[in-house]
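# Architecture and fold: a report
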Amino acid sequence: MRIAIVGIQGLPNQYGGFETLSEFLVKYLGKTHEFTVYCSAVDQKEKPERYLGAQLKYYDITSHGGKGILFDCKCLWDAVNGDYDVILVLGFGPGPLMPFLSKKTKNRIILNFGGLDWMRDKWSTNARRVIKMCEKLLVKNSAIIVSDNGKIRDYVQEEYGRDSELIAYGGDQASPLPITEELREKYPFLNGRYAFEVARIQSDNNIEMLMQAFMKAKEMPLVLVGNWKSTEWGRQMKAKYENESPLVLLDAIYDKSILDVLRSNCYLYVHGHSAGGTNPSLCEAMYLGLPILAFSNGYNENTTHHQARYFKDADELCQIVKAITKEELDTMRPLMKHYANEHYRWEGIAKEYERLFLQAANSK
């Protein structure tokens, strides 16, 4: 099959969950099927013509903010006019174009819009309305819908009266690695107990809540890795908290081996994400067998199969951090690893998508 992927920043993956999904679909299915991945020439630092065998096609528009919708619409328009058997749309961006496509074209489109992006408080009221409209147009006009979380699947059914396929994300790209002496010198917190999270630095990931909880608990350092410099809010948060104890605020780490050392050796993993479906960083933490404290929003409970510990606010997180025992954490570790092995491995996830690609191609 010839398959186009629309709606991401691009490959190689330098950004987030949909990029990770695209990378592993290409990795596991690229020898059997021909992929074209649409990329932003503005956002991608590297601009190879091919990646893991997939053809990369660039548009000179950013994939973020308001212009991201224009970028996604242009990419989808190019894809529907190309000779593709299937078009995988990731995210809400190309929604405005959907009503103008023919029924034959719509039958080729598989949609995974991720989480409920219109609920994120980083967006203005008007932006939320636009995102919700885009979501509606996509769900109404796509042939097949993928939900990455049971709660998203329930939402699609209740809100739009449509069934969707439940396929999660993988976590087996994360590897447990030992601490090197070089890293021990660079990151002194590796010499003791510490909590860890890697996340985009945005308010709906409850970054400030996590920092306040650990400042109040004073039990161990909280190491937060993220893109602090990317937004004004992130820069303000770092300036406000970077000298507070016991916080360790690190800029985004793109060297996977270093990131894997830092997270795989933590005493506990904290996950503050409040919006979205199944979050890739949570799947990775589970695959590493980390004990997890997660924000209670339904999605995180579903992802961890209700076997982690959950909090609603800074006070509740503080109390958990102060009271949780090593025995509880050690009991959680094999459970997280077990569910990750059962549900969050990319090879199996790629096969599930391949089944849908064949279904869409046959219907065409």
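My aim in this report is to walk through the structure given alongside it, one point at a time. (Residues numbered from 1 in each chain as written. Predicted model: local features only at pLDDT ≥ 70, side-chain atom pairs only at ≥ 80, totals over all residues. Heavy atoms only, no water.)

With that settled, the discussion passes to the nonpolar core. By size, the foremost hydrophobic cluster in this structure holds 98 residues, and its most contacted members are Phe-196, Phe-214 and Phe-357. Residues in contact with Phe-357, not counting those within four places in the same chain, are Met-1, Ile-3, Leu-25, Leu-29, Phe-35, Val-86, Leu-88 and Ile-110. Counting 32 residues, the second largest nonpolar core, distinct from the first, contains Phe-92, Tyr-155, Val-156 and Tyr-160. (Core = buried A, V, L, I, M, F, W, Y, C linked by side-chain atoms within 4.5 Å. Buried < 20%, exposed > 50% of the residue type's maximum accessible area, 1.4 Å probe, protein only. Contact = heavy atoms within 4.5 Å.)

Here Asp-204 is to be found in the loop between strand 9 (195-198) and helix 7 (207-217). Spatially, the C-alpha atom of Asp-204 lies 6.8 Å from that of Lys-122, the residues being 82 residues apart in sequence. Aside from chain neighbours lying at most four places away, what touches Asp-204 is Arg-120, Asp-121, Lys-122, Gly-272, His-273, Ser-274 and Ala-275. Side-chain polar atoms of Asp-204 contact the side chain of Gln-202, separated by 3.0 Å. (Helix = DSSP H or I, 4+ residues; strand = E, 2+ residues; numbered from the N terminus. Polar contact = N/O pair within 3.5 Å; in protein donor to acceptor, adjacent residues only side chain to side chain.)

Here 6 strands make up an open sheet; going across it, the order is 11-10-9-12-13-14 and the pairing parallel. Two strands in the sheet have a free side with no partner beyond their single neighbour: strand 11 (247-251) and strand 14 (309-311). Within this sheet the neighbouring strands show an average axis-to-axis angle of 25°, counted without direction. Note that strand 10 (residues 222-226) and strand 11 share 5 bridges and pair parallel. Looking at strand 11, one finds that Leu-222 is bridged to Leu-247. (Pairing = 2+ DSSP bridges. Axes fitted to C-alpha atoms, helices over the stretch in contact; angles between N-to-C directions.)

All right, on to the pairing of strand 10 then. The element strand 10 is extensively covered by neighbouring structure, given that 5 of its 5 residues are classed as buried. Neither face of strand 10 is exposed, since Leu-222, Leu-224 and Gly-226 on one face and Val-223 and Val-225 on the opposite face are all buried. In terms of handedness, the path from strand 9 via helix 7 over to strand 10 forms a crossover that is right-handed. In this view, the connection linking strand 10 to its parallel neighbour strand 11 by way of helix 8 (residues 232-241) has right-handed handedness. (Right-handed = clockwise from strand over helix to strand, strands pointing away.)

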